[in-house]
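# Structural overview
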Amino acid sequence: MRQDYFSKNRDEIKSIAKQHDSYSLVDLKALLSSLKDKGLVSYSMTSNKFYDRLVDIGLLSFSVFLDGGYITRYSFHKDLSDEKLLVASKKRAFLSMSSSLNYQGLSSYRDDFVFVSQEQTSKDFYSNPELTQKAIDNAFAKDYRRTHKIGKYNNKHIVFLEPKNTKDFGVVEVKGVRVSNVNRALVEMVVNVQYFRNSKEVIGVFSKIKDYINIDEVFEIVEKFDFIYPYYQSIGYILEEIGFNKEELYKFKERISEFDFYTDKNQVNYTYIPYWKMYVM
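Summarised in this report is the structure supplied together with it. Source: prediction; values computed, not measured.

With that out of the way, let us pick up the packing of aromatic side chains. Evaluation of the coordinates by the stated rule reveals 21 aromatic pairs. Between phenylalanine 115 and tyrosine 195 the ring centres are 5.7 Å apart and the planes differ by 70°, which places this aromatic pair in the edge-to-face class. Of this pair, phenylalanine 115 sits in strand β4 (residues 113-117) while tyrosine 195 is found in the loop between α8 (182-191) and α9 (199-207), placing the two residues 80 residues apart along the sequence. An identical accessibility class is assigned to phenylalanine 115 and tyrosine 195; each is buried. Considering the side-chain rings of tyrosine 231 and phenylalanine 261, the 5.1 Å spacing of their centres and the 90° angle between planes classify their relative orientation as edge-to-face. In this pair, tyrosine 231 sits in helix α11 (residues 231-242) while phenylalanine 261 sits in strand β9 (residues 261-262), placing the two residues 30 residues apart along the sequence. The same class applies to tyrosine 231 and to phenylalanine 261, which are both buried. Grouping aromatic residues by their ring pairs yields a cluster made of Phe140, Phe225, Phe227, Tyr229, Tyr231, Phe261, Tyr262, Tyr270, Tyr272 and Tyr279. Just above the ring of tyrosine 103 sits the side chain of lysine 175; from NZ or CZ to the centre is 4.8 Å.

Structurally, the position occupied by leucine 40 is in the loop between α3 (25-37) and α4 (47-56). In contact with leucine 40, other than residues within four places in its own chain, are Tyr5, Phe6, Asn9, Glu12, Ile13, Ile16 and Leu35.

Turning to the layout of surface pockets, a few remarks are in order. Taken as a whole, the largest pocket spans an internal volume of roughly 1200 Å³. Breaking the lining of the largest pocket down by element, the ones donating at least two residues are α7 (133-140), β6 (156-161) and α8. Of the residues forming the lining of the largest pocket, the biggest block, 3 residues, is contributed by α8. Roughly 640 Å³ of volume is contained in the second largest pocket. As for the second largest pocket, its lining consists of 24 residues, and the residues nearest its centre are His20, Asp21, Ser22, Asp27 and Ala88. With 4 residues, helix α5 (residues 82-88) is the single largest residue contributor to the lining of the second largest pocket.

Relative to the elements of secondary structure, aspartate 168 occurs in the loop between β6 and β7 (171-174). Residues in contact with aspartate 168, not counting those within four places in the same chain, are Arg92, Phe94, Glu119, Arg178 and Arg184.

Take the pairing of strand β5 (residues 150-153) next. Of the two faces of β5, the one holding Gly151 and Tyr153 is buried and the one holding Ile150 and Lys152 is not buried anywhere. In this structure, strand β1 (residues 60-66) lies alongside β5, joined through 2 bridges in antiparallel fashion. Among the inter-strand pairings, leucine 66 is bridged to a residue of β5, identified as glycine 151. Pairing of β5 with β6, which is carried by 4 bridges, proceeds in the antiparallel orientation. Its bridge partner being in β6, glycine 151 is matched across the sheet by isoleucine 158.

Rules used in this analysis
- Residues numbered from 1 in each chain as written.
- Predicted model: local features only at pLDDT ≥ 70, side-chain atom pairs only at ≥ 80, totals over all residues.
- Heavy atoms only, no water.
- Phe/Tyr/Trp six-rings, centres within 6.5 Å; stacked < 30°, edge-to-face > 60°.
- Helix = DSSP H or I, 4+ residues; strand = E, 2+ residues; numbered from the N terminus.
- Buried < 20%, exposed > 50% of the residue type's maximum accessible area, 1.4 Å probe, protein only.
- Lys NZ or Arg CZ within 6 Å of the ring centre and 35° of its normal.
- Contact = heavy atoms within 4.5 Å.
- 1 Å grid on protein atoms, 1.4 Å probe; cavity = no way out; pocket = protein on both sides within 12 Å on 5 of 7 lines; lining within 4 Å.
- Points joined across faces, edges and corners; volume = space filled by probe spheres on them.
- Pairing = 2+ DSSP bridges.

The structure is reproduced here in structure tokens:
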């Protein structure tokens, strides 16, 4: 009995398909087109038929509940890690904050959460309104705002964030997954302290991995983000609390603004640190 192209080339098709960890439906259509160009499947094969045949040879589907709906990815790898799947759920996404540290084996803090980030498209859309002390005081007297882009997968809480565009500065690949490096994760966690209870917990996490921190790169990452608020002084203070001395942190000291700033929002009692012009827990 004459075999069709797919059956005849089944092993080669599966070998090619397994070269990628996961696919979206758009990716599967591109794979089909590529296989047609190679003469491995019939030019008349439809996307639906192709999908059915892939399922026959072991294609699996994984669905992530995120932002009120389901995102489905497809893979031939039964042991596809949660991290690879979740990063694949969004284009150019990466593990961020504590999730990046946990994936790199540097921490186990908040490991029931997975933070996935995807930078906004362009810095051109940002505007920096004039900052005043009153505006800062009012903002930090209010409760935190948190993203509504949340979900669940394998009993883990998924938090999807969209930070300012830095051209993915400080994002590296580790074991096939894009992650924030330690220095970027530090900045992310200070700026998004609402996901970590308070700044003292962030200090506790990084105090244990101080030797992995490069303060020059931390400074450069703050520059790349071009924050509205004076985060040079809060991150300088945090770095000193982690264990660096003031002399090492001169770049941060030089960039202290005219304003007082805060490590945490809406606290009953603060301690004021004149050196950093910071109200801290």
